[in-house]
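# Inside the fold
The primary structure of each chain is shown beneath.
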Amino acid sequence: MGYALGIFLLVPLADRVAPRRQVTTQSVLLAAALLLTAAMPDMAAAASGFAIVGLVADIAQIIISASVKLAPPGAAGSTVATIVGSLAVGIFGGWILAGLLVGFTAKGHRAAVDIAYPAFGPTVSTIDEFLAAVDKTAEQ
């Protein structure tokens, strides 16, 4: 819901605000929202945090629309295709990598968290606690 609201409200702003400023601002807001969401004490609070994350996570759409304006004459189509293709490779590549980690390691779903530890930093303890609770629930 937050993502759809972001598409509806924030992406059209790129026509009125400099895309560089908007992407930078939304990136900072996204990082702050992710950090705050990771520190939320319960699932209800985390759900509201994820709605805020979704609201400002539409940065790729802003970059795509800005690339059309910045592309040389006659190259807008290939520029957009390159960006969208790169996004798709990144998304599906991440899914494939996470699936391989989960499927082929003895640690299962925890392998993905362990590999991503440097990216999560101090918030891993919160995620680790969540995964431990999931493990306990699955064992019952």
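Everything below is about the structure shown above.
Residues numbered from 1 in each chain as written. Predicted model: local features only at pLDDT ≥ 70, side-chain atom pairs only at ≥ 80, totals over all residues. Heavy atoms only, no water.

This paragraph deals with the overall build of the protein chain. Each helix and strand in the protein chain was counted, giving 8 helices and 0 strands. Counting helices and strands in the order they occur from the N terminus, the protein chain gives α-α-α-α-α-α-α-α. Within the protein chain, the fraction of its 140 residues that count as buried is 24%. Pairs at least 24 residues apart make up 51% of the contacts formed inside the protein chain by residues separated by at least 6 positions. (Helix = DSSP H or I, 4+ residues; strand = E, 2+ residues; numbered from the N terminus. Buried < 20%, exposed > 50% of the residue type's maximum accessible area, 1.4 Å probe, protein only. Contact = heavy atoms within 4.5 Å.)

In terms of nonpolar packing, the biggest core is built from 10 residues, these being Leu10, Val11, Ala14, Val23, Leu30, Ala33, Val53, Val56, Ile59 and Ile62. For this core, the secondary structure elements donating two or more residues are helix H2 (19–38), helix H3 (43–56) and helix H4 (59–70). The leading source of residues in this core is H2, at 3 residues. Apart from the residues within four sequence positions on either side, valine 56 is in contact with Leu10, Gln26, Leu29 and Leu30. (Core = buried A, V, L, I, M, F, W, Y, C linked by side-chain atoms within 4.5 Å.)

Moving on, we come to the packing of aromatic side chains. Scanning the entire structure with this criterion turns up 1 aromatic pair. Summarising the aromatic geometry, the rings of phenylalanine 92 and tryptophan 95 are spaced 5.3 Å apart at their centres and angled 70° between planes, so their arrangement reads as edge-to-face. Placement of both phenylalanine 92 and tryptophan 95 in helix H5 (residues 76–104) is noted, with a separation of 3 residues, approximately one turn of the helix. Overall, tryptophan 95 belongs to the exposed group, its relative accessible area being 59%. (Phe/Tyr/Trp six-rings, centres within 6.5 Å; stacked < 30°, edge-to-face > 60°.)

Here the focus is the side chain of glutamine 26. Structurally, glutamine 26 is set in helix H2. What glutamine 26 contacts, discounting residues up to four positions off in sequence, is Leu10, Val56, Asp58, Ile59 and Ile62.

Here H4 contains 12 residues, and its C-alpha end-to-end distance of 16 Å stays within 8% of the 16 Å for a straight helix at 1.5 Å per residue. For H4, the full list of buried residues reads Ile59, Ile62, Ile64, Ala66 and Ser67. In this structure, the buried residues of H4 make contact with H2, H3 and H5. (Expected span 1.5 Å × (residues − 1).)

Now for the side chain of serine 67. Summarising the element assignment, serine 67 is placed in helix H4. Residue classification places serine 67 among the buried residues on the basis of a relative accessible area of 9%. Leave out the neighbours within four places in its chain, and serine 67 touches Thr79, Val80 and Ile83.

Enumeration over the complete set of coordinates arrives at 1 salt bridge. Between aspartate 15 and lysine 69 there is a salt bridge; the shortest N-O distance is 3.2 Å. Taken as a pair, aspartate 15 in the loop between helix H1 (2–9) and H2 and lysine 69 in helix H4 lie far apart in primary sequence, 54 residues in all. There is no split in this pair, since aspartate 15 and lysine 69 are both exposed. (Salt bridge = Lys/Arg side-chain N within 4 Å of Asp/Glu carboxyl O.)

By themselves these figures say nothing about function.
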